[in-house]
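If you want the building blocks of each chain, they are given just below.
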Amino acid sequence: AQTVTQSQPEMSVQEAETVTLSCTYDTSESDYYLFWYKQPPSRQMILVIRQEAYKQQNATENRFSVNFQKAAKSFSLKISDSQLGDAAMYFCAYRIYQGAQKLVFGQGTRLTINP
Amino acid sequence: NAGVTQTPKFQVLKTGQSMTLQCAQDMNHNSMYWYRQDPGMGLRLIYYSASEGTTDKGEVPNGYNVSRLNKREFSLRLESAAPSQTSVYFCASSDERTVTHNEQFFGPGTRLTVL
């Protein structure tokens, strides 16, 4: 069974600084997707960034980028120029490439932004 | 275009009572999902429906039943609520045929407390 592990329950960063959230996963599949979701206090799940395992290039979305290391099964999220609005729970998630889009989530990392 | 809607937003039940959580999506998506989120944990899949007329168990199906009423609606029923079912419940939808095929769209969640 696939598992996703986030080893940092909490992280904090100064506003305008850079922070990296860690995620590792376990799978025997070769094709899959990885995601980072943001959950602010409103509880709404918001997709931040996605990565297809067959793509070697790391995904970027504005201030958000990932470091995808397929052999190490590692998928970290880097947030540059942190803003107060980035404060939230962040979840790493995995799904297989084909078939039902069942997501497997990590335990989450609570990110605090210090002004 | 409301996306994914869930009712109710909050609910308190007594042990042994039954209730149905409602979910509807207006994006014409084929697939729908029910997750639960417990404190300190990521979302876990309860049941999913890959297409109208089909349902399958996820990671934590015990104590729940689902109905895919039509393409828009996917309900989750607790026949005899237990305190262990106290959680936040999220409905989501997706469709592999669309340009957003990688993404699951989530509802706002239902906070359920079982006393």
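Residues numbered from 1 in each chain as written. Chains lettered and ligands numbered in written order. Predicted model: local features only at pLDDT ≥ 70, side-chain atom pairs only at ≥ 80, totals over all residues. Heavy atoms only, no water.

Draft legend 1. Structural detail: the overall build of chain A. For chain A, the helix and strand inventory stands at zero helices and twelve strands. Along chain A, from the amino end to the carboxyl end, the secondary structure elements read β-β-β-β-β-β-β-β-β-β-β-β. For chain A, the C-alpha radius of gyration of 14 Å lies close to 13 Å, the compact-globule estimate for 115 residues. Structurally, chain A occupies a C-alpha span of about 40 × 25 × 20 Å along its principal axes. (Helix = DSSP H or I, 4+ residues; strand = E, 2+ residues; numbered from the N terminus. Rg over C-alpha atoms; globule rule 2.2 N^0.38 Å.)

Draft legend 2. Representation of the side chain of Gln8 of chain A within the structure. Mapped onto the fold, Gln8 of chain A is located in the loop between strand E1 (3–5) and strand E2 (10–14). Excluding residues within four positions of it along the chain, Gln8 of chain A makes contact with Thr20, Leu21, Ser22, Gly108 and Thr109 of chain A. (Contact = heavy atoms within 4.5 Å.)

Draft legend 3. Highlighting the state of the cysteines. Residue and element names in this part refer to chain A. Going through the model one piece at a time under the given rule, you end up with two disulfides over all chains. Covalent S-S linkage joins Cys23 and Cys92, the inter-sulfur distance amounting to 2.0 Å. Looking down the S-S bond of the Cys23 and Cys92 bridge, the torsion is -70 degrees, so its handedness is left-handed. Of this pair, Cys23 sits in the loop between strand E3 (19–21) and strand E4 (24–26) while Cys92 sits in strand E10 (residues 88–96), placing them 69 residues apart in sequence. (Disulfide = S-S within 2.5 Å.)

Draft legend 4. Main features of the packing of aromatic side chains. Summed over all chains, the structure comprises 17 aromatic pairs over all chains. Centre to centre, the rings of Phe35 of chain A and Tyr37 of chain A are 6.2 Å apart; their planes meet at 40 degrees, and the pair counts as tilted. On the basis of an interplanar angle of 20 degrees and a centroid distance of 6.5 Å, the ring pair of Tyr33 of chain B and Tyr48 of chain B is categorised as stacked. Here Tyr48 of chain B lies in strand E5 (residues 43–49) and Tyr33 of chain B lies in strand E4 (residues 31–37), a separation of 15 residues in the sequence. (Phe/Tyr/Trp six-rings, centres within 6.5 Å; stacked < 30°, edge-to-face > 60°.)

Draft legend 5. Fine view of the interface of chain B and chain A. Across the boundary between the two partners, chain B contributes 26 residues, which contact 20 residues of chain A. Overall, the association of chain B and chain A removes approximately 1900 Å² of surface from exposure, summing both partners, and the carbon and sulfur fraction of that is 46%. Here chain B is connected to chain A by one salt bridge. The partner of Glu103 of chain B in a salt bridge is Arg50 of chain A, with the nearest N and O atoms 3.7 Å apart. (Buried area = accessible area lost by both parts, 1.4 Å probe. Salt bridge = Lys/Arg side-chain N within 4 Å of Asp/Glu carboxyl O.)

Draft legend 6. Representation of the pairing of strand E12 (residues 109–114) of chain A in the model. Residues and elements named next belong to chain A. The alternating pattern of E12 places Thr109, Leu111 and Ile113 on a buried face and Arg110, Thr112 and Asn114 on a face that is not buried. Of the pairings in the sheet, the one linking E10 to E12 comprises three bridges and is antiparallel in character. Along E12, the bridge assignment pairs Ala88 with Leu111. (Buried < 20%, exposed > 50% of the residue type's maximum accessible area, 1.4 Å probe, protein only. Pairing = 2+ DSSP bridges.)

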